[in-house]
Amino acid sequence: MALTPFFGSSSIFDPFEPGFWDHPVDPWSSGLFGKNIGKEDVQAVASTRIDWVETPEAHVFKADLPGLQKEDVKVTVEGDRTLQISGERTREEEKKTDTWHRVERSHGKFLRRFRLPHNVNVESVNAKVENGVLTVTVPKAQQPEREVRVVNID
């Protein structure tokens, strides 16, 4: 499964492709992908883990989003088959009287895109957040029974 880029290009972004990391310049800061993006943007994409499972009835996406409410997450279908899951986890407000010893929880924007297969019904996509897990269900389209037609031979 390949990720589509979130930074404006129409090509496929696949960090596991051989040679991707061997580029002579830093692709994130050089504008190689259409605009300058920071390593924080890359981390936001990389840290948002999503499972995708295909069942006989649907394609199901599950993302762990602890601490986020449904208002913090946006699910869209772009064009006819690109599912996009995005949102933002805000950073806790630091008070001058507090002493922070460690900050490990991620914060900031996240965005993931998936190219859906042809056999889906994008009009019936639904999503829900329960116990910190976002579940997006993309039902499969009903495949019409193929009609057998006799062709006359001239």
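Conventions used here
Residues numbered from 1 in each chain as written. Predicted model: local features only at pLDDT ≥ 70, side-chain atom pairs only at ≥ 80, totals over all residues. Heavy atoms only, no water. UniProt positions renumbered as here; feature names shortened; annotations may be inferred. Helix = DSSP H or I, 4+ residues; strand = E, 2+ residues; numbered from the N terminus. Buried < 20%, exposed > 50% of the residue type's maximum accessible area, 1.4 Å probe, protein only. Contact = heavy atoms within 4.5 Å. Areas by Shrake-Rupley, 256 points an atom, 1.4 Å probe, with all protein chains shown as cover. Pairing = 2+ DSSP bridges. Axes fitted to C-alpha atoms, helices over the stretch in contact; angles between N-to-C directions. Core = buried A, V, L, I, M, F, W, Y, C linked by side-chain atoms within 4.5 Å.

Going by what an unreviewed UniProt entry lists, the protein is known as SHSP domain-containing protein and is assigned to Sphagnum jensenii. The UniProt entry for the protein carries the following text under Sequence similarities (unreviewed entry): "Belongs to the small heat shock protein (HSP20) family."

A.B. asks: Residues and numbers for the overall build of the protein, please.
C.D. replies: In terms of regular secondary structure, the protein is built from one helix and seven strands. Listing every helix and strand of the protein by position from the N terminus yields α-β-β-β-β-β-β-β. Per-residue burial for the protein yields a buried fraction of 29% across its 154 residues. Across the protein, every contact between residues at least 6 apart in sequence was considered, and the portion connecting residues at least 24 apart equals 50%. Surface summary for the protein: the accessible area is close to 11700 Å², and the carbon and sulfur share equals 47%.

A.B. asks: Help me get a handle on unusual backbone geometry, residues and values and all.
C.D. replies: With phi around 55 degrees, N131 is a residue other than glycine that occupies positive phi space. Relative to the assigned elements, N131 resides in the loop between β6 (126-130) and β7 (133-139). For N131, a relative accessible area of 75% corresponds to the exposed category.

A.B. asks: Break down the sheet that holds strand β2 (residues 58-64) for me, citing the residues and quoting the values.
C.D. replies: Pairing between sheet strands relies on hydrogen bonds along the backbone, with the strands arranged either parallel or antiparallel. Taken in spatial order, the four strands of this open sheet run β1-β2-β7-β6, and their pairing is antiparallel. Here the strands that pair on one side only, and so sit at the sheet edges, are β1 (50-54) and β6. Shown here is a sheet whose adjacent strand axes are inclined to one another by a mean of 15 degrees, direction ignored.

A.B. asks: Outline the nonpolar core, supporting the account with residue identities and numerical values.
C.D. replies: Membership of the largest hydrophobic core comes to 15 residues, with the highest contact counts inside it found for F61, L65, V73, I85, L134 and V136. What V73 contacts, discounting residues up to four positions off in sequence, is L65, L68, I85, S86, G87, F110 and L134.

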